[in-house]
Amino acid sequence: MQSRAQEQPLALTAVKSHYPTNGKEEAVNTDAESMDEEAEFNWEEYMEETGANGAPHTTFKHVEISLQSSFQPGMKLEVANKSSPDTYWVATIITTCGQLLLLRFSGYGEDRKADFWCDVMTAELHPVGWCTQNNKTLMPPEAIKEKYSDWTEFLVQDLTGSRTAPANLLEGPLRGKNTVDLIVDGSVLELQDVSDPFLYWPVRVIQNVGGRLRLRYAGLSDDHQAQDTWLFYLDVRLRPLGWALENQLTLEPPTALRPLKSAPDWHQALEDARLDGQNSPLPLEVFKDHVDLPKHSFKTGMKLEMVSPWEQLQICPVSVTKVYNEIYFQVMLDDLSADAKPRFVVCHANSPGILPVQWCLKNGVGLERPPGYEGQDFDWADYLKHSGTEAAPDACFPDTWQNRGFAKDMWLEAVNPHRPAEVCVAQITQVRGRLLWLRLEGVAKPLSECIVDVESMDIFPVGWCEANAYPLTPPLRPVCQKQKKIAVVQPEKQLAPSQPVETTPVNHCQPVAMDPGSANGRYCCSKIFVNHRCFSGPYLNKGRIAELPQAVGPGKCTLVLKELLSMLINAAYKPGRVLKELQELQDQSWDCQEETLKAKYKGKTYRSTIRIVRLADQIPDFCRKVCVKLQCCPNLFSPVLVTDKCPENCSVQTKTKYTYYYGKKRKLSKPTGGEETAEGELAKPTRRRKKRKAIFVQKKRRSSAVDYTPAGSPQDSDEDEEMALQSGSEGTSSEPRDDASSVEVTSSRPRRAATLRRALSAGHTGQEAPEGRRRSTRSLSAYNQNNKYQPAKGQDMQVQTDRGHTEGGSALTGAEEEGQLVLDRNPLEWSVDEVVQFINSTDCASLANIFQEQDIDGQALLLLTLPTVQECMDLKLGPAIKLCHQIERVKVAFYRQYAN
């Protein structure tokens, strides 16, 4: 059964205005942007908001096969030795990932320790026998050189019966391409006629969408687009050019098309197609996954049930009317009416939709009575008896109970049988044996329902259209739409309709429609490592980073990076803040693709469009710049695995080397018409700032007024983050923000940790700072039990900062002066065990296990603040303040003993 387009297929880059929307024709919208937004559909959001589940990707066998590499595990090839590039040795392909091959040199047996990845596009790989033809030396690697005395005999045994990698996939224009990508526009194949299994005619590939081919019969032009056929490349009706001649079959155009051209024109079209096929031959690797059809056991006159190819949602009795050979047979719809018109279709043993007699009865599905049947209720026993025929035995049919893991209410993408160029959002409404009942969203009733077989190549997993840059028909009323025009990360349902939305400036990395031929090549990467020992910076939670996998990949660059960035966002103290930082990341030289990433924090979901590089050779630069943006060690996530000591030596470097926000980029808001009143104190903020502060307090009151957070750190107040996320102008500015964090400083909220971090960088920068940047810092112990701020007592300790100026230090209370903590080792060098040991020595010993679980070392300890302790350790205010008091003692001791 073939499906043909009844009208022009959907364009890849635009939405046709004449297509029905919401089941009816609507007026053409002249605003192209609003039209695109209306048609936009996001599977992830739709499934999240509706609670829907997608059918597992592994249930779509044909899609899984299409993603496989042209190289197969077990293939042999010759590879240059790393230690001696002039020599070569035979290697076996262990596994594949796009253009990447995992190889193992022959002689290692089952030993995996020397397995190595190589890129087909860059590595020197050759088919077996290349060295002999080119007088090159075959030599085993040094590590196994002594393993066998006679390597020649070993190679003979190893290569006997093995397959060599095809030469055309190791060199030339087809090098490194997946099987699907070998089929390019203009490729010529032969297509079997739908009504005669011995009749073939050449077809040209007009479009290749992830292996789903739009085909046009040779001899037809653009004026005959309605005759185009859509088939998946694995369909048994498709054969390589020359198949019919080789198998003594007939080459003639389909009967229905013959009147369109004269006989000489058809003959000329055949010659042109053969010539095109010879000039650009289609590699035979395309057909390596085609399954040979099994022999059938049907005989003329047998009865069976079949999903009707003519009527929607009907299963009808049919009869075998002709047996062509041991592979093909013909069935005809049973019609007992006087004016019956014969309707028949060619089948084979694996044809979808053929079912044994009584299948509908056993599965609780209604069976259509044959037209003209006189009885009230159709009964197979009576019908067979009166017609003098027999039912086809169950052994004639494929496994009719196999559902391959599909279940009711699962979602997928399916071809609209009435418009084969259209792929729709679809829901499984019923599963019976190997048949699925689908409801096509976005299609007007009654054409929105259909029956497909589990082996159908017209159904696809969720996200298939997006992955292949093909338009997907969304539900009639899309639940969610991407807001690509938003310039900043927006929390869901937070943007009032009346608020102006600022559009993004000129975007130098627009989404690029993926060329089917470029799904591999430079667009795949090997592993990207998460080096847990490296400095994680102020945004990322070191404990959560430690829980991440050691590596992501290998795979397609954009997919690997999207997965990595999603993990980093979820490992952040404030995911929305990291998402905002990543949004600002761009580089003119990058070849980018836009991806929507999501962050969840305190019940709110933030989304933003992030530019991700598409090319493997740009990944090191991209990873490094992401690290710089997040103020962590440049090797925290990198294509290079840090096994022992980080090349950046980040474990001993002062952290201000990476964290450039610490007291440097944030500008304090200066009161208009006011000067500093006294050293260490700032004048009151302006009226505007007071107003914003009041909004913050009204929006969400904190249980404590204490906040030891440096401007720009991950522990900025919730109000700071929410205001930043809702303000379009601040989000798009490339200048340092003078935002809510400045308000907190000028409102005399303590910023003790800022002084700590400035002290960490003493002696490294040596830059002069303006007088106006002095800040007042006070000890946590300056707060009484009622959590109200008290003036500091005692003499201020003077701390020499990295700018050569003295800042207001910690004011020690009488209690601290009596028992000052004396450290015998710099807390920056404390290990996790030493931190736990210290906590055990305090009145907070019950919390020591949290430090062990969260992998908090000395560096992390000195960065802890009250908000962090409350949120990340899930502590009540009382225990949190007690714990912060002990941490403050360590910080004070650090100031006195090691800050200089």
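1. Details of the overall build of the protein chain
Link 1 in the chain: Across its full length, the protein chain holds 25 helices and 33 strands.
Link 2 in the chain: Here the protein chain, with 900 residues, has 52% of them falling under the buried criterion.
Link 3 in the chain: For the protein chain, the proportion of contacts with a sequence separation of at least 24, taken over those separated by at least 6, is 66%.
Link 4 in the chain: A total accessible area of about 42100 Å² is found for the protein chain, and carbon and sulfur atoms account for 49% of it.

2. What about the pairing of strand β2 (residues 76-80)?
Every regular strand shows the same layout, with side chains that alternate between the two sheet faces.
Link 1 in the chain: When you tally the buried positions in β2, you get five out of five residues, the bulk of the element.
Link 2 in the chain: Burial of the side chains of β2 extends over both faces: Lys76, Glu78 and Ala80 are buried on one face and Leu77 and Val79 on the other.
Link 3 in the chain: Taken together, the two bridges between β2 and strand β6 (residues 125-126) define a ladder with antiparallel strand orientation. Bridged to glutamate 78 within β6 is histidine 126.

3. Considerations on the packing of aromatic side chains
Link 1 in the chain: This model, assessed by the stated rule, comprises 28 aromatic pairs.
Link 2 in the chain: Ring centres of tryptophan 380 and tyrosine 383 lie 5.7 Å apart, and the angle between their planes is 70°; this geometry places the pair in the edge-to-face category. Within this pair, tryptophan 380 and its partner tyrosine 383 are both found in helix α9 (residues 380-387), separated by three residues, close to a single helical turn. Of the two residues, tryptophan 380 and tyrosine 383, neither departs from the other in class, the shared state being buried.
Link 3 in the chain: Feature note: the residues Phe41, Trp43, Tyr46 and Trp411 constitute an aromatic cluster, connected by ring pairs.
Link 4 in the chain: Its guanidinium or amino end placed over the ring of tryptophan 243, arginine 239 lies 4.3 Å from that ring's centre, counting from NZ or CZ.

4. Some remarks on the sheet that holds strand β26 (residues 528-530)
Link 1 in the chain: Pairing is antiparallel in the open sheet, where three strands are placed in the order β27-β26-β31. Of all the strands in the sheet, just β27 (551-552) and β31 (637-638) have a single pairing partner and so form its edges.
Link 2 in the chain: Strand direction decides the pairing type here: β26 and β27, joined by two bridges, are antiparallel. The residue of β27 that forms the bridge with phenylalanine 529 is alanine 551.

5. Some words on the side chain of serine 448
Link 1 in the chain: Assignment of secondary structure puts serine 448 in the loop between β21 (435-440) and β22 (449-453).
Link 2 in the chain: Take serine 448: its relative accessible area is 3%, and that puts it in the buried class.

6. Quick look at the confidence of the model for the protein chain
Link 1 in the chain: Chain-level statistics for the protein chain give a pLDDT mean of 74 and a share of 71% at 70 or above.
Link 2 in the chain: Note that residues 1-39 has pLDDT below 50 and, in this model, 78 contacts with residues that lie over four places away or in other chains.
Link 3 in the chain: Scored below 50 in pLDDT, residues 661-818 makes 299 contacts in the model with residues more than four places away or belonging to other chains.

7. What to know about the packing of helix α12 (residues 557-570) against helix α14 (residues 619-629)
Link 1 in the chain: Packing of α12 against α14 leaves a shortest axis separation of 12 Å and a crossing angle of 15°. Taken together, the axis directions place α12 and α14 in an arrangement best described as roughly parallel. The handedness of the crossing between α12 and α14 comes out as right-handed. From α12, Cys557, Leu561 and Leu565 reach across to α14, where they touch Ile619, Phe622, Cys623 and Val626.
Link 2 in the chain: Residues of the contact of α12 with α14, tallied by class, amount to seven nonpolar, no polar and no charged.

8. Let's talk about the pattern of salt bridges
Link 1 in the chain: With the rule as written, the count across this model stands at 32 salt bridges.
Link 2 in the chain: The partner of glutamate 311 in a salt bridge is arginine 343, and the shortest N-O contact between them spans 3.6 Å. Of this pair, glutamate 311 sits in the loop between β14 (303-307) and β15 (315-323) while arginine 343 is found in the loop between β16 (328-333) and β17 (344-348), placing the two residues 32 residues apart along the sequence.
Link 3 in the chain: According to the relative accessible area criterion, arginine 343 is partly exposed, its value standing at 31%.

9. Some words on the sheet that holds β15
Link 1 in the chain: Strands sit in the order β17-β16-β15-β14-β18 across an open sheet of five strands; the sheet is antiparallel. The sheet is open, and its two borders are formed by β17 and β18 (354-355), each paired with just one other strand.
Link 2 in the chain: Pairing of β15 with β16, which is carried by five bridges, proceeds in the antiparallel orientation. Pairing of lysine 322 across the sheet is with glutamine 330, part of β16.

10. Digging into the state of the cysteines
Link 1 in the chain: Taken as a whole and judged by the stated rule, the model has zero disulfides.
Link 2 in the chain: Just so you know, cysteine 465 is unpaired, no disulfide at all, and the nearest cysteine sulfur is the one on cysteine 424, 8.9 Å from it.

11. Quick notes on the pairing of strand β4 (residues 100-105)
Link 1 in the chain: Within β4, six of the six residues are buried, which leaves the element mostly enclosed by the surrounding structure.
Link 2 in the chain: Here strand β3 (residues 87-97) runs beside β4; their pairing, made up of six bridges, is antiparallel. Following the sheet pairing, cysteine 97 is matched in β4 by leucine 100.
Link 3 in the chain: The turn linking β3 back onto β4 is made up of two residues, and glycine 98 within it adopts a positive phi angle of 65°.

12. Details of the nonpolar core
Link 1 in the chain: By size, the foremost hydrophobic cluster in this structure holds 91 residues, and its most contacted members are Leu77, Leu103 and Leu125.
Link 2 in the chain: Counting residues per element, this core draws most heavily on strand β20 (residues 419-432), which supplies seven residues.
Link 3 in the chain: When residues no more than four places from it in sequence are discounted, the contact partners of leucine 77 are Trp89, Val90, Ala91, Ile93, Leu101, Leu103, Leu125, His126, Val128, Ala165 and Leu170.

13. Here we look at helix α7 (residues 263-279)
Link 1 in the chain: In this model, α7 (17 residues) spans 25 Å end to end at C-alpha, consistent with the 24 Å of a helix rising 1.5 Å per residue.
Link 2 in the chain: All of the buried residues in α7 are Trp266, Ala269, Leu270, Ala273 and Gly277. All buried residues of α7 fall inside an arc of 100° around its axis, so they share one side. Turned more than 90 degrees away from the buried face of α7 sit Pro264, Gln278 and Asn279, all of them exposed.
Link 3 in the chain: Looking at the packing, one finds that the buried side of α7 touches β8 (188-192), β9 (199-209) and β13 (250-251).

14. Considering the environment of threonine 842
Link 1 in the chain: Position of threonine 842 among the secondary structure elements: in the loop between α21 (832-840) and α22 (848-853).
Link 2 in the chain: A sequence separation of 41 residues divides threonine 842 from leucine 883, and the C-alpha atoms of the two residues are 8.9 Å apart.

15. So, α12
Link 1 in the chain: Its 14 residues place the ends of α12 20 Å apart at the C-alpha level, agreeing with the 20 Å of an ideal helix rising 1.5 Å per residue.
Link 2 in the chain: All buried positions along α12 are accounted for by Cys557, Thr558, Val560, Leu561, Leu564, Leu565, Met567, Leu568 and Ile569.

16. Overview of unusual backbone geometry
Link 1 in the chain: Omega for the bond connecting glycine 553 with proline 554 falls within 30 degrees of zero, at 0°, which places this linkage in the cis form.
Link 2 in the chain: Structurally, the position occupied by proline 554 is in the loop between β27 and β28 (555-556).
Link 3 in the chain: A positive phi angle is found at asparagine 135, which is not glycine, with a value near 55°.
Link 4 in the chain: The class for asparagine 135 is exposed, based on a relative accessible area of 72%.
Link 5 in the chain: Phi is positive for asparagine 649, close to 55°, though the residue is something other than glycine.
Link 6 in the chain: Tracing the backbone through its elements, the reader meets asparagine 649 in the loop between β31 and α15 (687-699).

Calculation rules
Residues numbered from 1 in each chain as written. Predicted model: local features only at pLDDT ≥ 70, side-chain atom pairs only at ≥ 80, totals over all residues. Heavy atoms only, no water. Helix = DSSP H or I, 4+ residues; strand = E, 2+ residues; numbered from the N terminus. Buried < 20%, exposed > 50% of the residue type's maximum accessible area, 1.4 Å probe, protein only. Contact = heavy atoms within 4.5 Å. Areas by Shrake-Rupley, 256 points an atom, 1.4 Å probe, with all protein chains shown as cover. Pairing = 2+ DSSP bridges. Phe/Tyr/Trp six-rings, centres within 6.5 Å; stacked < 30°, edge-to-face > 60°. Lys NZ or Arg CZ within 6 Å of the ring centre and 35° of its normal. pLDDT = per-residue confidence, 0-100. Axes fitted to C-alpha atoms, helices over the stretch in contact; angles between N-to-C directions. Parallel < 35°, antiparallel > 145°, perpendicular 65-115°, else oblique. Left-handed = near helix turned anticlockwise from the far one by under 90°. Nonpolar A, V, L, I, M, F, W, Y, C, P; charged D, E, K, R; others polar. Salt bridge = Lys/Arg side-chain N within 4 Å of Asp/Glu carboxyl O. Disulfide = S-S within 2.5 Å. Core = buried A, V, L, I, M, F, W, Y, C linked by side-chain atoms within 4.5 Å. Expected span 1.5 Å × (residues − 1). Arc of directions from axis to C-beta.

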